[in-house]
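Here are the chains, one letter per residue:
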Amino acid sequence: LAQKLNSAIMMGAAYSNKATNLHKLGRDSEALVLYTLTVHIHFPTGHNPGTANAYFNIAYVYFDIGNYFMAIKYEQYALELYKKLNMVMDEADTYNIIANTYMRLNDYPSALKNFNTALGIYQQLETPQNEAMVLSNMGMLYHDLSKPEIAFNYYQQALKIDLQMQNKSNLAHDYQHIG
């Protein structure tokens, strides 16, 4: 349909959707090809949200297959476009993902820096569920650093928010970390 309508944006979205399905099926190399094609379609048209999302999705595939350096590269590409477009929630989400990627690389100072940035944005946006997610992630970081008292503090902060929000799935996660 996108081809018949001669719409590059719709064509890029179609390739992106197909890539997402392929990634879910574990066909990651095919997904990367289609996400890259999505970038090549969106970028020349100036459809920067589509380009940023394609970069983010490429990073996600690289993260899932354990290629963390490539994941960070594409996370940074996405982040720069999200900032340029003032897509603040996507920017915060990307900082959180970058922090998780740095944790996989045992680069805890970079992870902490990005978690703090994400947390600050989520607090400005008044999105407590996202704040709790980052606080829990920060607890995991300090757990990995063998600092259980600090980890416990972050887990408790996340738990307090999730109790207020009555977020049952996150509560189970919080109790698991505290226990």
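Think of each chain on its own: its residues are numbered from 1, step by step along the sequence as written. Local features in this predicted model are restricted to residues of pLDDT 70 or higher, and side-chain atom pairs are both shown and tallied only at a pLDDT of 80 or more, whereas totals for entire chains, interfaces and linings draw on every residue. With hydrogens and water stripped out, all remaining heavy atoms of the structure feed into the side-chain values.

## A look at the nonpolar core
- Counting residues in hydrophobic clusters, the biggest one holds 26 residues, and the most contacted among them are Met103, Ala111, Phe115, Val134, Leu135, Met138 and Leu141.
- Secondary structure counts use DSSP, requiring at least four H or I residues in a row for a helix and at least two E residues in a row for a strand, with both numbered from the N terminus. Counting only elements with at least two residues in this core, the list comes to helix H5 (68-84), helix H6 (88-104), helix H7 (108-125), helix H8 (128-144) and helix H9 (148-165).
- Of the residues forming this core, the biggest block, seven residues, is contributed by H7.
- We call two residues in contact when some of their heavy atoms are within 4.5 Å. Not counting chain neighbours up to four residues away, the residues in contact with Met103 comprise Tyr108, Ala111, Phe115, Asn137, Met140, Leu141 and Asp144.
- Judged by nonpolar contacts, the second largest core, of 21 residues, contains Ala31, Ala54, Ala59 and Leu81. Buried Ala, Val, Leu, Ile, Met, Phe, Trp, Tyr and Cys residues form a nonpolar core when they are joined through side-chain atoms within 4.5 Å. Relative accessibility decides the category of a residue: with a 1.4 Å probe and only protein chains considered, values under 20% of the type maximum give buried, values over 50% give exposed, and everything between is partly exposed.

## Quick notes on the environment of Asn114
- Structurally, Asn114 is set in helix H7.
- On the basis of relative accessibility, which here comes to 9%, the residue Asn114 falls in the buried class.
- Apart from residues no more than four positions distant in its own chain, Asn114 is found in contact with Tyr95, Ile98, Ala99 and Tyr102.
- Here a polar contact means two N or O atoms within 3.5 Å. Within protein one must be a hydrogen donor candidate and the other an acceptor candidate, and residues neighboring in sequence count only if both atoms are side-chain atoms. Looking at Asn114, its side chain comes within polar contact range of the main-chain oxygen of Ser110, at 2.8 Å.

## Details of H8
- Here a helix's expected span is defined as the number of its residues, less one, multiplied by 1.5 Å. Compared with an ideal rise of 1.5 Å per residue, which puts 17 residues at 24 Å, H8 spans 24 Å between its outermost C-alpha atoms and is within 8% of the ideal.
- Taken as a whole, H8 has its buried residues at Asn130, Glu131, Ala132, Val134, Leu135, Ser136, Asn137, Met138, Gly139, Leu141 and Tyr142.
- Looking at the buried side of H8, the elements it contacts are H6, H7, H9 and helix H10 (168-178).
- The positive-phi residue at the C-terminal boundary of H8 is Ser146, with phi of around 60°.

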